[in-house]
Amino acid sequence: LVGHALVGDVLLAQGDTAGALAEHQISLTIAQLLAAKHPTDTEHQLDLSVAQEKLGNTLLAQGDTASALASYRASLAIGEALAANAPTNVNWQHALWNGHDKVGNVLEQQGDGTGALVEYRAALAIAEALATQDSTNARHQRAVAAGHDRIGAVRLAQGDSAGALAEFRAAKTITATLAARDPSDAILQRGVAIGDYQIAAALLAGGDQVGALAEYRAFLTSTEALAARDPTSADLPRDLAVGHEKVGDVLLAQGDAAGALTEYRAYAATF
């Protein structure tokens, strides 16, 4: 079971989705047999939940969202049963959070924003409960921030700029706190900058060009500092390009053609 799952994970990382699918299907079959043979063994049930999730990951990579959703929901159903029987088990609660998050992600990709919000809010509630139980656990705090981010993205897509803004600000507050505790964590530092970008997008959608410009500039300033510290990053040059483009767009909308031109030239220079 584990061997096939590991091989499948590597093949998926290499882009061989067909090979990965075959391995994860074998892993799932074994997990189903073991779970059926030992229905009261929680470890076999957890293995089955993980096997369904991994199969879902592969199906999603192939673009088969319908089948991926079915696998994720099967995984989530097992997680719900396990968590219901042992509500204080942190690992199972985290698995339950992950299941809701996975289902929400697929629903969002399918254009079902309402369904995605239900799942993301369920995931957020679990993450918040875990974070309350252990306020020093950075993993739980990151999960809370991710929940706010996902809900914010859906609300923004639905045209609720005020609701999205509140979610993005909540996410950034958490991320900024974590980043301050660990200045060496490049992912967290970038997360703070992305928080500025998301807030800017919500402000702009709500018609606040001045506020949006300030946030886009904050995003750009932070990204420039990060890029100077890590010149080999593949993500930061793209972030810089987007930052200059967005600042230029707002300046142009405000009638500052000269300022916009400067930003667009900086955008072109990043390629």
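Predicted model, so just to flag it, every value in this text is computed and none were measured. (Residues numbered from 1 in each chain as written. Predicted model: local features only at pLDDT ≥ 70, side-chain atom pairs only at ≥ 80, totals over all residues. Heavy atoms only, no water.)

(A) Structural context of the side chain of S75. Turning to its location among the elements, S75 is positioned in helix 4 (residues 65-85). Classification of S75 as buried rests on a relative accessible area of 6%. At 2.8 Å, the side chain of S75 forms a polar contact with the backbone oxygen of S49. Apart from the residues lying within four places of it in its own chain, the contact partners of S75 are S49, Q52 and E53. (Helix = DSSP H or I, 4+ residues; strand = E, 2+ residues; numbered from the N terminus. Buried < 20%, exposed > 50% of the residue type's maximum accessible area, 1.4 Å probe, protein only. Polar contact = N/O pair within 3.5 Å; in protein donor to acceptor, adjacent residues only side chain to side chain. Contact = heavy atoms within 4.5 Å.)

(B) Main features of the layout of surface pockets. Here the largest pocket is characterised by a volume of approximately 290 Å³. Lining the largest pocket are 16 residues, and of these D149, T175, I187, L188 and G191 sit closest to its centre. Elements supplying a minimum of two residues to the lining of the largest pocket: helix 7 (138-157), helix 8 (161-181) and helix 9 (186-205). One number sums up the size of the second largest pocket: a volume of about 170 Å³. Every residue lining the second largest pocket is listed: A186, I187, R190, L226, R229, D230, S233, D235 and L236. (1 Å grid on protein atoms, 1.4 Å probe; cavity = no way out; pocket = protein on both sides within 12 Å on 5 of 7 lines; lining within 4 Å. Points joined across faces, edges and corners; volume = space filled by probe spheres on them.)

(C) Structural context of the pattern of salt bridges. Applying the stated rule across the entire model yields nine salt bridges. Residue D101 pairs with R150 through a salt bridge whose shortest N-O separation is 2.5 Å. In this pair, D101 is assigned in helix 5 (residues 90-109) and R150 in helix 7, connecting sequence segments 49 residues apart. A salt bridge links E167 to R155; the shortest N-O distance between them is 3.4 Å. You can see E167 sitting in helix 8 and its partner R155 sitting in helix 7, a full 12 residues away along the chain. Take E167 and R155: they sit in the same class, and that class is buried. (Salt bridge = Lys/Arg side-chain N within 4 Å of Asp/Glu carboxyl O.)

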